[in-house]
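# Secondary and tertiary structure notes
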Amino acid sequence: MLSTNLSEALNDQMNYEFYSAHVYFAMASYCKNENYDGFSNFFLVQAEEERSHGMKIYNYLHNRGEQAIISGFEHPDNKFESILDAFEKSLEHEKEVTRRIYNLSDIAADEKEYATISFLRWFLDEQVEEESSFDSIIQNLKRINNDSNSLFMYDAKMAKYTMPTSAE
Ligand SMILES: [Fe+2]
Ligand SMILES: [Fe+2]
């Protein structure tokens, strides 16, 4: 059994991870519609990862004797000015996720809930990787600076992106 406070906070984060999948589906669809199948693939894989993050918390809650409470969520952004804009917004989104995981870690630490502290360590490491990966894509896109040939090549590279094994 977890405290009500911690159980609610974990549920909240589980739902936020599922919402994150939604955020990335919207970005995938924007890219697809702009004929950037590679970037679209990247966001689809990202959405799949977010769903697996949500499921990690879902399973953890059940392992601790709690029911996962599924909620709805607000509409994600569907309009973007450019591929770069979508990636900048995704980095902002990841920073918000990181802030939330820190907050969750604070609650677990206050309660001396060592098993949950250990469980959350994976998420802390994952957020470092996620922020760094989005940041480097943004740097590359800025360097490309709308050069259509380079953007075409980068898109082709992104088409090969698959789910990293660390995300499973
Ligand atoms: Fe996530
Ligand atoms: Fe993420």
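Quick summary incoming for the structure in this document. (Residues numbered from 1 in each chain as written. Chains lettered and ligands numbered in written order. Predicted model: local features only at pLDDT ≥ 70, side-chain atom pairs only at ≥ 80, totals over all residues. Heavy atoms only, no water.)

## What to know about the coordination of the iron ion (ligand 2)
Six octahedral donors around a metal ideally sit at 90 or 180 degrees from one another, while four tetrahedral donors ideally sit at 109.5 degrees. Rules: Shown as donors are all N, O and S atoms within 2.8 Å of a metal ion, widened to 3.2 Å for Na, K and Ca; because water is not in the atom set, sites may appear incomplete. Secondary structure elements are taken from DSSP: a helix is a run of H or I of four residues or more, a strand is a run of E of two residues or more, and numbering for both begins at the N terminus.
The iron ion (ligand 2) binds to the protein through Glu-50 (OE), Glu-94 (OE), Glu-94 (OE) and Glu-130 (OE), with metal-donor distances spanning 1.8 to 2.6 Å. Look at where the donors of the iron ion (ligand 2) fall in the sequence and you get E-x43-E-x35-E. A gap of 3.4 Å separates the iron ion (ligand 2) and the iron ion (ligand 1), which Glu-50 links by coordinating each metal. Note that Glu-50 is positioned in helix H2 (residues 37–63) and Glu-130 in helix H4 (residues 114–144), a separation of 80 residues in sequence.

## Points about the coordination of the iron ion (ligand 1)
Listed as protein donors to the iron ion (ligand 1) are Glu-17 (OE), Glu-50 (OE) and His-53 (ND1); their distances from the metal cover 2.1 Å. Written as a sequence motif, the donor arrangement for the iron ion (ligand 1) is E-x32-E-x2-H.

## Section: the environment of Lys-56
Tracing the sequence through the fold places Lys-56 in helix H2. Distance from Lys-56 to Glu-17, taken between C-alpha atoms, is 9.8 Å for residues 39 residues apart in sequence.

## Section: unusual backbone geometry
Just so we agree on the cut-off: Exposure categories follow from relative accessible area, calculated using a 1.4 Å probe and restricted to protein chains: below 20% of the type maximum is buried, above 50% is exposed, and the middle band is partly exposed.
The phi dihedral of Asn-35 falls on the positive side, at around 65°, and the residue is not glycine. In this fold, Asn-35 is placed in the loop between helix H1 (4–33) and H2. Assessed through its relative accessible area of 64%, Asn-35 is described here as exposed. The phi torsion at Lys-112 lies on the positive side, around 50°, for a residue other than glycine. Inspection of the secondary structure puts Lys-112 in the loop between helix H3 (83–110) and H4.

## Overview of the nonpolar core
Spelled out, the test is: Joining through side-chain atoms within 4.5 Å is the link that ties buried Ala, Val, Leu, Ile, Met, Phe, Trp, Tyr and Cys residues into a set, and such a set is a nonpolar core. Throughout, a contact is declared for two residues whenever any of their heavy atoms are within 4.5 Å.
Judged by nonpolar contacts, the single largest core of 44 residues is most densely connected at Leu-10, Phe-39, Phe-43, Phe-87 and Leu-141. Mapped onto this core, the elements with two or more residues apiece are H1, H2, H3, H4 and helix H5 (148–158). When neighbours within four sequence positions are excluded, Leu-10 is seen to be in contact with Leu-2, Ile-57, Tyr-60, Leu-61, Leu-104, Thr-116, Phe-119 and Leu-120.

## So, the packing of aromatic side chains
We count it as follows: Stacked, tilted and edge-to-face are the three classes applied to pairs of Phe, Tyr and Trp rings, where Trp contributes its six-membered ring and a pair requires centres within 6.5 Å; stacked means planes under 30 degrees apart, edge-to-face means over 60, and tilted covers the rest. Put simply, a charge is over a ring when the Lys NZ or the Arg CZ is close to the ring centre, within 6 Å, and near the line of the ring normal, within 35 degrees.
Tallied over the entire structure, the rule returns 17 aromatic pairs. Residues Tyr-19 and Phe-73 carry aromatic rings whose centres are separated by 5.5 Å and whose planes lie at 50° to one another, so their mutual orientation is tilted. Of this pair, Tyr-19 sits in helix H1 while Phe-73 is found in the loop between H2 and H3, placing the two residues 54 residues apart along the sequence. Residue class for Tyr-19 comes out buried when judged on its relative accessible area of 11%. The partly exposed category is assigned to Phe-73, whose relative accessible area is 35%. Note that Lys-56 overlies the ring of Trp-122, its terminal NZ or CZ placed 4.1 Å from the centroid. The positively charged end of Arg-100 is found above the aromatic ring belonging to Tyr-16, 3.7 Å away from the centroid.

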